[in-house]
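The primary structure of each chain is shown beneath.
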Amino acid sequence: MEGYLALVISAILSDSWQLLIQMRTGDIVVPKNLARRSIGVIATCFVMLAMTGEGFDPATLYSHQWTLGLFGGLIAICLYLYLQYQVNAGVVLKFVAMPFGFYVSLIFLVDLVDGGSAAISLALVPAVVGGALSAFFLDRELPASFSPKWDKRFDYLFFVGCILVIPFVVSKDPIWILLHPFGWIIACGSAIAIFCFFLVERPLEERLLEATLFGFLIVTAIAILAYLSLVVADVSSAEIQRAQRGVATLLCSSIYSMVFYFFALLYCLSVGKTEKVVRSNWHLAEGFVFIVFIFFAPASLLEGM
């Protein structure tokens, strides 16, 4: 029983769909790095136990909405890219898990914007989990060459469907989140404007990735300007509900911009051009953290002294 449990843990934390297949057929081959990865699982468990020892209960960070949205979406993307291109799950998680976690967090924040600091911390969990998953697989690399099993047009249908269905899984009011035409115009226009100024001699995947990345950063800057000029006034006049709705609307623009970035990232994966994806993801993380701390800056210790 213990051997099977160890094999399941290894299948989860490694790029090994094949390991589960071996378990099913009975032709089990224990990988050489099973012991090392089992230690990694144990270390992760000790981190959770240490959080409890410090008085922080990790169970409070659980919500079925973000769990289903994050892991359901990641499993669907990993499975599709494995079936279409035979790309292992670890490789996909390296490039996809972090931005996907940011995407789920932004959607969840819209619902919890009026819930106080505990609710805001819950909404940020998908971003932390996504970042951790990407870190676990940083040494994975795409195969030197691969070809699609089906027509590549299925990629676009799947990616669009997968990304746009996530708000319906995570949010209580997905229609409200998706129906902000001016937000879509700002997000789309920012990316297109940057893309059109790039030199056409550069590879298409690089131009798409950088245009959507800097488009997200521009949308973040616009949202912060709007927050400082409009929402802060509502906070100062104690119009808290109006301020909360204003922040939720500004977050929607960031969600739309993240959608375009994610399409560009998945396109890079599908054509095997991922040299700049990790760097772009960390720039994306900087923008995500900045907008969260501007909108939801917690009270500092000095303020209470």
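This text goes with the structure placed above it.
These numbers were taken from a predicted model, which means no experiment stands behind them. (Residues numbered from 1 in each chain as written. Predicted model: local features only at pLDDT ≥ 70, side-chain atom pairs only at ≥ 80, totals over all residues. Heavy atoms only, no water.)

**Comments concerning the overall build of the protein chain**
Across its full length, the protein chain holds 13 helices and zero strands. Going from the N terminus to the C terminus, the protein chain shows its helices and strands as α-α-α-α-α-α-α-α-α-α-α-α-α. Excluding contacts between residues fewer than 6 apart, the proportion of contacts in the protein chain whose partners are at least 24 apart in sequence is 76%. Surface exposure of the protein chain reaches about 16,000 Å², of which carbon and sulfur atoms provide 70%. (Helix = DSSP H or I, 4+ residues; strand = E, 2+ residues; numbered from the N terminus. Contact = heavy atoms within 4.5 Å. Areas by Shrake-Rupley, 256 points an atom, 1.4 Å probe, with all protein chains shown as cover.)

**Observations regarding the packing of helix α4 (residues 64-85) against helix α8 (residues 153-170)**
Running from N to C, α4 and α8 cross one another at 170 degrees; their axes reach a closest spacing of 9 Å. On the basis of the axis angle, α4 is roughly antiparallel to α8. In this structure, α4 uses Gln65, Leu68, Gly69, Gly73, Ala76, Ile77, Tyr80, Leu81, Gln84 and Tyr85 to contact α8, whose residues at the interface are Phe154, Asp155, Phe158, Phe159, Cys162, Ile166, Val169 and Val170. Split into classes, the residues belonging to the contact of α4 with α8 amount to 13 nonpolar, four polar and one charged. (Axes fitted to C-alpha atoms, helices over the stretch in contact; angles between N-to-C directions. Parallel < 35°, antiparallel > 145°, perpendicular 65-115°, else oblique. Nonpolar A, V, L, I, M, F, W, Y, C, P; charged D, E, K, R; others polar.)

**Looking at the packing of aromatic side chains**
The description of two aromatic rings rests on the distance between their centres and on the angle between their planes. Inspection of every chain in the model, using the stated rule, returns twelve aromatic pairs. Summarising the aromatic geometry, the rings of Tyr80 and Phe158 are spaced 4.4 Å apart at their centres and angled 10 degrees between planes, so their arrangement reads as stacked. Of the two residues, Tyr80 sits in helix α4 while Phe158 sits in helix α8, which places them 78 residues apart along the sequence. Of note, Arg202 hangs over the ring of Phe198, and the distance from its end group to the ring centre comes to 5.0 Å. (Phe/Tyr/Trp six-rings, centres within 6.5 Å; stacked < 30°, edge-to-face > 60°. Lys NZ or Arg CZ within 6 Å of the ring centre and 35° of its normal.)

**Examining helix α13 (residues 277-295)**
Helix length check: α13 (19 residues) gives 27 Å between terminal C-alpha atoms against 27 Å at 1.5 Å per residue, within 8%. Here α13 has its buried residues at Val277, Ser280, Asn281, Leu284, Ala285, Gly287, Phe288, Ile291, Val292 and Phe295. The inward-facing, buried residues of α13 abut α5 (89-112), α7 (125-136), α11 (204-236) and α12 (240-271). (Expected span 1.5 Å × (residues − 1). Buried < 20%, exposed > 50% of the residue type's maximum accessible area, 1.4 Å probe, protein only.)

**Considering the packing of α12 against α13**
It is at 12 Å that the axes of α12 and α13 come closest, and there the two elements cross at 175 degrees. Between α12 and α13, the interaxial angle falls into the category roughly antiparallel. Between α12 and α13, the contacting residues are Val247, Leu250, Leu251, Ser254, Met258, Tyr261, Leu265 and Cys268 on the first element and Val277, Ser280, Asn281, Leu284, Ile291 and Phe295 on the second. Counted by class, the contact of α12 with α13 contains eleven nonpolar, three polar and no charged residues.

**Observations regarding the environment of Asp139**
Tracing the backbone shows Asp139 in the loop between α7 and α8. The exposure class assigned to Asp139 is exposed, which follows from its relative accessible area of 58%. Along the chain, Asp139 and Gly90 lie 49 residues apart, while their C-alpha atoms are 9.1 Å from each other. At a separation of 2.4 Å, a polar atom in the side chain of Asp139 contacts the side chain of Arg140. (Polar contact = N/O pair within 3.5 Å; in protein donor to acceptor, adjacent residues only side chain to side chain.)

**Focus on the nonpolar core**
In this structure, Ile77, Val96, Phe100, Tyr103, Phe295 and Phe296 are the most contacted members of the largest nonpolar core, which totals 76 residues. Elements that contribute at least two residues to this core include exactly α4, α5, α6 (116-123), α7, α8, α11, α12 and α13. Broken down by element, the residue count for this core peaks at 18 residues, all from α5. Excluding residues that lie within four positions of it along the chain, Phe296 makes contacts with Leu109, Val113, Ile120, Val247 and Leu251. (Core = buried A, V, L, I, M, F, W, Y, C linked by side-chain atoms within 4.5 Å.)

**So, the pattern of salt bridges**
Evaluated as defined, the whole model comprises nine salt bridges. With its nearest N and O atoms 2.8 Å apart, the salt bridge here joins Asp151 to Arg153. Judged by its relative accessible area of 35%, Asp151 falls in the partly exposed class. For Arg153, a relative accessible area of 61% corresponds to the exposed category. Three or more residues joined by partner-sharing salt bridges are found here, namely Arg202, Glu206, Glu210, Lys276 and Arg279. (Salt bridge = Lys/Arg side-chain N within 4 Å of Asp/Glu carboxyl O.)

**Some remarks on the side chain of Ser270**
In this structure, Ser270 sits in helix α12. From its side chain, Ser270 meets the backbone oxygen of Tyr267 in a polar contact 2.8 Å long. In contact with Ser270, not counting residues within four places along its chain, are Tyr85, Phe146, Lys152 and Asp155.

Structural measurements only, silent on function.
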